[in-house]
Amino acid sequence: MPLRAKVASSVSRTAAALSRAAGRGDGSVIGGWIGLKIDPELLAHLSAGRAIALISGTNGKTTTTRLAAAAVGVLGRVATNSFGANMPTGHTSALAKAGSTPYAVLEVDEHYLAQVIEATDPHVVALLNLSRDQLDRAKEVAMMAQLWRAALIRHPDVRIIANADDPMVVWAATPPATHDQRITAPHVTWFSAGQRWHDDSWVCPECGSTIQRSGDQWWCTGCPLRRPDPQWTVDDQGVVDPTGAWYKVKLQLPGKVNVGNAATALAVAAEFGVRPFDAVPRLGDVTSVAGRYAQVVRDGRTVRLLLAKNPASWLEAFDMADEAPTLLSINARDPDGLDTSWLFDVDFAPLRGRQVLITGDRAYDLAVRLEVNDVPFQYVRSFDDAVRAVPPGRLEVIANYTAFQDIRAELDRVN
Ligand SMILES: [Zn+2]
């Protein structure tokens, strides 16, 4: 590395360590910020010589990154931003901290994917899904897909792992007017992990016609855009690879959605030459991801924490949660997005028949939504009150970002 980059990297590590020592989180944002101030090209310098995978999408990227890093770990040391700092400051910090590693697997905020592709020259990019998120500030889904597509057209040698079930992703991974060619191109590998949320992809991003669905299939009624045949699929607790071989995937993470994340991770690792046979056992070692899916016993209740940030991830959380008393907690602080109108995009009907409790800064917004949705609920002032209000046994907690952090902090104080 050039001298400036070496100095920047060293200062970045020190700043992050100081921040951690001062109890201000993991320090990756401030460390990366200082490093990039000293050398604006630092991320590119730190990326040189590493084989890098980038993982992006609205949902599932933290978990998929963790699983993919575990899978690529078969080959050697892997640098990764495991705490969700998924912007260039976080990537810079993660690579500086890891020192020299042959591999890196980085979670990337979807808004920054184009910029991070430019800086890191990745070997492979995984595109998970695109759906509405943080209505007050995120880009429209179609604009996001356009940004991704433009970035990938500028880097035709990048290998792409993309979700065949998401029309917006398929379009983003496909250059203009050549859908059919690109779908059979060797550098795009399609996976199918199912997609519950369809409400951001009824309109074709290519021609504006309606997209129709039947079973797993979808197709545009006005142009050739349609679901490509996936090479990696999910099947009853297992993953099927492009040769047709089935691997049992035993995860400690709940839900079919995580088996889908595992399939994506295996597809990413395969681009580095990792065989699923070698990687699968490592996926089972992943327990919780930044506190998500963590289980804590409290007063005879087994509490499980699920993070859900936007309508698509709420649908997935309902799938992961057991049929048990469920606490929903909603805030609308800055990291959550300030607009809670998205609550009306979520169908809470799957919760009917369970004991439902609500809390959080914006519990009353949630109350209105549940009332309209005909889901009985009980308001509780705190997490503690929720624990007391349910019988011994399991308590599922589904919370959005800062609400989740609040509950984690409360649990940490006790445990
Ligand atoms: Zn179309």
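The structure we're discussing is the one just above.
Below you will find a few notes about this structure. (Residues numbered from 1 in each chain as written. Predicted model: local features only at pLDDT ≥ 70, side-chain atom pairs only at ≥ 80, totals over all residues. Heavy atoms only, no water.)

**Some words on the pattern of salt bridges**
Pairing of side chains with opposite charge becomes possible as their charged atoms draw close.
So, point 1. Going through the model one piece at a time under the given rule, you end up with 18 salt bridges.
So, point 2. A salt bridge links Glu118 to Arg154, with the shortest nitrogen-to-oxygen separation between them at 3.2 Å. Remark: Arg154 occurs in helix 7 (residues 141-154) and Glu118 occurs in helix 6 (residues 113-120); sequence separation between them is 36 residues.
So, point 3. Across the pair Asp361 and Arg333 runs a salt bridge, and its minimum N-O distance is 2.8 Å. Note that Asp361 is positioned in the loop between strand 15 (356-359) and helix 13 (363-372) and Arg333 in the loop between strand 14 (326-329) and strand 15, a separation of 28 residues in sequence.
So, point 4. Classification of Asp361 as partly exposed rests on a relative accessible area of 47%.
So, point 5. Each of Arg304, Asp322, Arg394 and Glu396 takes part in a single network of salt bridges with overlapping partners. (Salt bridge = Lys/Arg side-chain N within 4 Å of Asp/Glu carboxyl O. Helix = DSSP H or I, 4+ residues; strand = E, 2+ residues; numbered from the N terminus. Buried < 20%, exposed > 50% of the residue type's maximum accessible area, 1.4 Å probe, protein only.)

**Regarding the nonpolar core**
Here is a general trend for soluble globular proteins: nonpolar side chains tend to be buried in one another's company.
So, point 1. The biggest cluster of nonpolar side chains holds 65 residues, and the ones touching the most others in it are Trp314, Leu328, Phe348 and Ile398.
So, point 2. Among the elements that line this core, the one with the most residues is helix 10 (residues 256-270), at 9 residues.
So, point 3. Every residue in contact with Trp314, bar those within four places of it in the chain, is listed here: Ala308, Lys309, Leu328, Ile330, Trp342, Val346, Phe348 and Ile398.
So, point 4. Counting residues in hydrophobic clusters, the runner-up holds 43 residues, among them Ala8, Leu54, Leu113 and Cys220. (Core = buried A, V, L, I, M, F, W, Y, C linked by side-chain atoms within 4.5 Å. Contact = heavy atoms within 4.5 Å.)

**Considerations on the sheet that holds strand 4 (residues 124-127)**
So, point 1. Pairing in this open sheet of 9 strands is mixed, and the strands run 2-3-1-4-5-6-9-10-11 from one edge to the other. Bordering the open sheet on either side are strand 2 (78-80) and strand 11 (246-248), each of which pairs with just one other strand. Strand-to-strand twist of the sheet, defined as the mean angle between neighbouring strand axes without regard to direction, takes the value 20°.
So, point 2. When strand 10 (residues 238-240) meets strand 11, the two strands line up antiparallel, connected through 3 bridges. By the bridge assignment, Gly238 is partnered in strand 11 with Lys248.
So, point 3. Relative to strand 1 (residues 51-56), helix 6 is tilted by about 180°, and along the sheet it contacts strand 1, strand 3 (103-108) and strand 4.
So, point 4. Along the sheet, helix 10 makes contact with strand 1, strand 4, strand 5 (159-163), strand 6 (188-192), strand 9 (232-235) and strand 10, crossing strand 9 at roughly 150°. (Pairing = 2+ DSSP bridges. Axes fitted to C-alpha atoms, helices over the stretch in contact; angles between N-to-C directions.)

**Describing the side chain of Asp336**
So, point 1. By the element assignment, Asp336 lies in the loop between strand 14 and strand 15.
So, point 2. This buried residue, Asp336, is left without a salt bridge; Arg333 holds the nearest opposite charge, at 5.4 Å.
So, point 3. At a separation of 3.3 Å, a polar atom in the side chain of Asp336 contacts the main-chain amide nitrogen of Tyr401.
So, point 4. Discounting residues that sit within four places of it in the chain, Asp336 has contacts with Gln134, Asn331, Asn400, Tyr401 and Thr402. (Lys, Arg positive; Asp, Glu negative; His and termini not counted. Polar contact = N/O pair within 3.5 Å; in protein donor to acceptor, adjacent residues only side chain to side chain.)

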